[in-house]
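# Coordinates in review
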Amino acid sequence: MVEEFAFDNTEERRKNRQNGTGWIEVIAGSMFSGKSEELIRRLNRARIARQKVQVFKPKIDARYSVEEIASHSGVKHISKPVSKTSEMMAQIEPDTQVIGIDEGQFFDMELIDAVNELAANGKRVIIAGLDQDYTGRPFEPMPQLLSIAEFITKTHAICVKCGGTANYSQRTVESEARVEVGASDKYEARCRMCFVPHSDAPTPL
Ligand code: ADP
Ligand code: ZN
């Protein structure tokens, strides 16, 4: 009996759990809706539980410091900038349990197969990203990621014009480029009633 209790299979159980099924979580919404905050909250909890976490972001997002993801409220987490999906995949270590990806909308379409593969290999993958561009069109590959995710969180900001539920990122500078990196200097949160699908003057303070 004593021998039976003394048998420690902790390592074996840990390994089995690691190789179990993973899953995909997507956090999608407009700018200022708290996507990065929510991603960082989940990553911090995983790290507290001693899980191995790796975090990536696309190189295109140059706001704040390079080796970090940062929320508009100032919360930060270390992260590796990558220029494409294959570069991210090459850096993922076999014993990593949780993978965080910020600004998912700036990745190439290969991200869809890649995160499916990671989840199939037992990893928890959490992707945050803008679901719509400044004209309100779905922002690929986020729609596809929303389709394949086990768990979806839609975040909202507060409309700066009327206080309603903001689902849109209103561009407030003249530009027709789909990707125009910026924060409150170039965008504001607006609801369906207050949003216009082109540049508009910023709401006065
Ligand atoms: P996202 O990643 O979705 O752009 P962040 O997590 O970076 O969002 O930032 C969320 C923070 O943005 C909020 O906690 C708040 O401090 C700030 N913020 C700025 N404008 C707004 C707004 N109109 N509604 C809500 N939060 C806002
Ligand atoms: Zn509004």
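The structure this text deals with has already been given above.
Residues numbered from 1 in each chain as written. Chains lettered and ligands numbered in written order. Predicted model: local features only at pLDDT ≥ 70, side-chain atom pairs only at ≥ 80, totals over all residues. Heavy atoms only, no water.

### What about the overall build of the protein chain?
- What the protein chain contains, in helices and strands, is six helices and twelve strands.
- Counting across all 205 residues of the protein chain, residues that qualify as buried make up 45%.
- Contacts in the protein chain between residues at least 24 apart in sequence constitute 70% of all its contacts with a sequence separation of at least 6. (Helix = DSSP H or I, 4+ residues; strand = E, 2+ residues; numbered from the N terminus. Buried < 20%, exposed > 50% of the residue type's maximum accessible area, 1.4 Å probe, protein only. Contact = heavy atoms within 4.5 Å.)

### Some thoughts on a nonpolar patch on the surface
- Together, I60, V179 and V181 make up a nonpolar patch on the protein surface, roughly 190 Å² of accessible area in all.
- Its place among the elements puts I60 in the loop between β2 (53-58) and β3 (68-70).
- Its relative accessible area of 42% is what places I60 among the partly exposed residues. (Patch = residues over 30% accessible without salt bridge, like charges linked within 9 Å, V, L, I, M, F, W, Y side chains within 5 Å. Areas by Shrake-Rupley, 256 points an atom, 1.4 Å probe, with all protein chains shown as cover. Salt bridge = Lys/Arg side-chain N within 4 Å of Asp/Glu carboxyl O.)

### A short note on helix α3 (residues 35-48)
- The end-to-end C-alpha separation of α3 is 20 Å, in line with the 20 Å expected for 14 residues at 1.5 Å each.
- Inspection of α3 places K35, S36, E38, L39, I40, R42, L43 and A46 among the buried residues, and these make up the whole buried set.
- Of the residues flanking the end of α3, it is R50, one or two places downstream, whose phi is positive at about 65°. (Expected span 1.5 Å × (residues − 1).)

### Regarding the sheet that holds strand β6 (residues 98-101)
- Taken in spatial order, the six strands line up as β5-β2-β6-β7-β1-β8 in an open sheet, and their pairing is parallel. At either margin of the open sheet sits one strand with a lone partner, and together these are β5 (80-82) and β8 (151-155). Adjacent strand axes in the sheet meet at a mean angle of 20°, parallel and antiparallel pairs treated alike.
- Relative to β5, β2 runs parallel, the two being bridged by three bridges. Counterpart to F56 in the pairing with β5 is K80. (Pairing = 2+ DSSP bridges. Axes fitted to C-alpha atoms, helices over the stretch in contact; angles between N-to-C directions.)

### What to know about the site of ligand 1
- Of all residues adjacent to ligand 1, which total 15 residues, the nearest are K35, S36, E37, H72 and I158.
- F32 is positioned such that a nitrogen or oxygen atom in its backbone is 2.9 Å from an oxygen atom of ligand 1.
- Interatomic distance of 2.6 Å between a side-chain N/O atom of E37 and an oxygen atom of ligand 1.
- Those elements giving two or more residues to the shell around ligand 1 turn out to be α3 and β9 (157-158).
- A per-element tally of the shell around ligand 1 places α3 first, with three residues. (Near = heavy atom within 4 Å. Polar contact = N/O pair within 3.5 Å; in protein donor to acceptor, adjacent residues only side chain to side chain.)

### Notes on the side chain of S169
- Note on placement: S169 falls in strand β11 (residues 168-171).
- Within the structure, S169 has its side chain in polar contact with the backbone nitrogen of M31 (distance 3.0 Å).
- Other than its neighbours up to four places away in sequence, S169 contacts S30, M31, L130, Y134, Y187, E188 and F195.

### Brief notes about the coordination of the zinc ion (ligand 2)
- Those protein atoms acting as donors to the zinc ion (ligand 2) are C159 (SG), C162 (SG), C191 (SG) and C194 (SG), and they sit at 2.3 to 2.4 Å.
- Metal-centred angles of 103 to 117° between the four donor atoms at the zinc ion (ligand 2) mark the site as tetrahedral.
- Since its relative accessible area comes to 3%, C159 is described here as buried. (Donors = N, O, S within 2.8 Å, 3.2 Å for Na, K, Ca; no water. Tetrahedral: all angles 85-135°; square planar, octahedral: opposite > 155°, others 65-115°.)

### A few points about the pattern of salt bridges
- Applying the stated criterion to the full structure yields 16 salt bridges.
- One salt bridge in this structure joins R41 and E38, with 3.0 Å as the shortest N-O distance. Taken together, the residues span about one helical turn, with R41 and E38 both in helix α3 at a distance of three residues.
- Its relative accessible area of 42% is what places R41 among the partly exposed residues.
- Relative accessible area serves as the criterion here: at 16%, E38 is assigned to the buried category.
- As a salt-bridge pair, E180 and K186 come within 2.9 Å of each other at their nearest N and O atoms.
- The class for K186 is buried, based on a relative accessible area of 19%.
- Ionic contacts of the salt-bridge type, sharing partners, join the residues E25, E38, R41, R42 and R124 into one network.

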